[in-house]
Amino acid sequence: MSPASSAEPPDPGRTDSMQAGPGRTDSTQAGPEGAAIPMRTDEGMQAELDALGRPRDSSGRVQGRAHFQQQLAELQDRALGGLDMVVEQLDRVLEALAHQDVELAQMVIVDDDRIDGRYLEVHQGVLSLLALQAPVAGDLRLVAALLHMIMRIERMGDQCVNIAKLIPLSGHEPPVRREVLEALAKMGAQARSEVVQCRRAFAGRDIELAQDIVRQDREINRLNRDIFRMAIEIGEDPDTREWAMHMVLVARALERIGDNAVDIGEQVAFVVTGLFHEFSDSSSSQV
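Residues numbered from 1 in each chain as written. Predicted model: local features only at pLDDT ≥ 70, side-chain atom pairs only at ≥ 80, totals over all residues. Heavy atoms only, no water.

### A short note on the overall build of the chain
Helix and strand content of the chain: nine helices and two strands. Ordered by position from N to C terminus, the α and β elements of the chain give α-β-β-α-α-α-α-α-α-α-α. Across the 287 residues that make up the chain, the buried fraction comes to 39%. When contacts within the chain are restricted to residue pairs at least 6 apart in sequence, long-range pairs at least 24 apart make up 73% of them. In the form shown here, the chain has an accessible surface area of approximately 16100 Å², with 53% of it arising from carbon and sulfur atoms. (Helix = DSSP H or I, 4+ residues; strand = E, 2+ residues; numbered from the N terminus. Buried < 20%, exposed > 50% of the residue type's maximum accessible area, 1.4 Å probe, protein only. Contact = heavy atoms within 4.5 Å. Areas by Shrake-Rupley, 256 points an atom, 1.4 Å probe, with all protein chains shown as cover.)

### Describing helix α8 (residues 213-232)
For α8, with 20 residues, the first-to-last C-alpha span of 29 Å sits near the 28 Å given by 1.5 Å per residue. Residues of α8 that are buried: I213, V214, Q216, D217, I220, N221, L223, N224, I227, M230 and A231. At its buried positions, α8 is contacted by α6 (178-204), α7 (207-211) and α9 (238-273). (Expected span 1.5 Å × (residues − 1).)

### Description of the environment of V87
With respect to the element layout, V87 can be found in helix α3 (residues 65-99). Overall, V87 belongs to the buried group, its relative accessible area being 11%. Considered as a pair, V87 and G157 are 70 residues apart in the sequence and their alpha carbons are 9.2 Å apart. Once residues lying within four places of it in the same chain are set aside, the contact partners of V87 are R192, V195 and V196.

### Some words on unusual backbone geometry
A positive phi angle, near 50°, is found at Q100, a position not held by glycine. With respect to the element layout, Q100 can be found in the loop between α3 and α4 (102-133). In this structure, R205 is a non-glycine residue whose phi angle is positive, near 50°.

### A word on the side chain of H246
When you line up the elements, H246 lands in helix α9. Relative accessible area serves as the criterion here: at 11%, H246 is assigned to the buried category. Once you skip the residues sitting within four places of it in the chain, H246 turns out to touch L166, L169 and S170.

### A closer look at the confidence of the model for the chain
Predicted coordinates in regions of low pLDDT should not be interpreted in detail. When the pLDDT values of the chain are averaged, the result is 80; 72% of them are 70 or greater. Looking across the chain, the model is least confident in helix α2 (residues 42-52), with a mean pLDDT of 47, and most confident in α6, with 94. Predicted confidence is poor over residues 45-53, with pLDDT under 50, and the contacts of this stretch with residues over four places away or in other chains come to five contacts. Taken together, the stretch residues 282-287 has pLDDT below 50 and engages in three contacts with residues farther than four places along the chain or on a different chain. (pLDDT = per-residue confidence, 0-100.)

### Observations regarding the pattern of salt bridges
Throughout the structure, instances matching the rule amount to 14 salt bridges. With its nearest N and O atoms 3.1 Å apart, the salt bridge here joins R152 to D263. Of the two residues, R152 sits in helix α5 (residues 137-166) while D263 sits in helix α9, which places them 111 residues apart along the sequence. In this structure R152 comes out as buried when scored by relative accessible area, which is 12%. Beyond isolated ion pairs, a larger network of salt bridges with shared partners links E88, R92, D111 and R114. (Salt bridge = Lys/Arg side-chain N within 4 Å of Asp/Glu carboxyl O.)

### Notes on the nonpolar core
With 70 residues, the main nonpolar core has L83, L146, M149, I153, L184, F202 and L254 as its most contacted residues. At the level of elements, α3, α4, α5, α6, α7, α8 and α9 are the ones that each hand at least two residues to this core. With 15 residues, the single largest contributor to this core is α9. Residues in contact with L83, not counting those within four places in the same chain, are M149, I153, M156, V195, C198, R199 and I264. (Core = buried A, V, L, I, M, F, W, Y, C linked by side-chain atoms within 4.5 Å.)

### Digging into a nonpolar patch on the surface
Taken together, the side chains of L127, L130 and L140 present a nonpolar region at the surface, about 220 Å² in accessible area. Looking at the element boundaries, L140 is found in helix α5. (Patch = residues over 30% accessible without salt bridge, like charges linked within 9 Å, V, L, I, M, F, W, Y side chains within 5 Å.)

### Examining the environment of L184
Within the secondary structure layout, L184 lies in helix α6. For L184 and A251, which are 67 residues apart along the polypeptide, the C-alpha to C-alpha distance reads 6.5 Å. In this structure, L184 is in contact with L97, I227, M247, V250, A251 and L254, ignoring residues within four places of it in sequence.

Next up, the structure:
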């Protein structure tokens with residue numbers, strides 16, 4: 001039998017478009033008894049697949065890019081608000097330290113729940129964005145930086161609590177040394193300035209302002225060493241020495257607040273450039 005005679009005869013129930021080859025671009029396919037039914041295009045199928053994993057609003061409509069950007073901006077505002085809370089806590093704990101105010105120190109301890117709550121709020125928001133929106137490129141860097149920043153904020157709040165808990169340990173009228181309290185006040189002012197500056201740098205995506213935090217942090221480190229030296233040389237009275245050791249721990253907590261501010265500054269450079277590098281080598285020894 002010749003090849004021509006072996007070919008399958010055309011089906012009279014099919015149109016020419018239905019008999020197209022593998023590369024056909026028709027939008028119909030044969031249904032029961034040869035009836036033509038609509039066929040989804042590749043673009044339509046992809047749109048449906050994309051919509052399956054995307055969040056929807058209360059009316060069931062798929063939420064778009066604008067909604068994602070709004071969520072991301074709100075998360076950043078909440079995180080930056082956490083830094084404002086740290087500044088408030090720092091102001092109060094420094095006042096309690098200057099006046100050895102036990103009652104005010106207790107207020108700082110109780111109010112730490114607000115910072116913890118903000119941490120949980122932003123942390124959960126970041127995880128939700130990662131799961132539902134799958135951000136990429138610059139958006140992904142910002143989401144990662146917010147997660148890093150809110151962790152540092154929570155730690156700064158904890159350091160304020162640590163300072164507050166140290167204040168009552170020496171009693172209501174401890175044997176204070178004015179030079180130590182003055183050095184701590186300078187440290188506190190520098191730490192506060194670093195927190196405020198890292199907030200401004202992150203909000204404005206200002207790398208130069210973020211890098212300037214390191215300059216202030218060097219001053220905090222110097223004051224920390226000075227306070228340690230003063231504590232060693234403070235004398236032989238046991239009560240005074242005990243109070244001085246508590247103040248060394250206060251200085252250490254303030255130094256850690258400064259370090260966390262530097263960490264947030266480093267995240268500014270990461271968000272802007274996509275590259276991470278430490279502004280200073282914290283492992284290097286300073287004398």
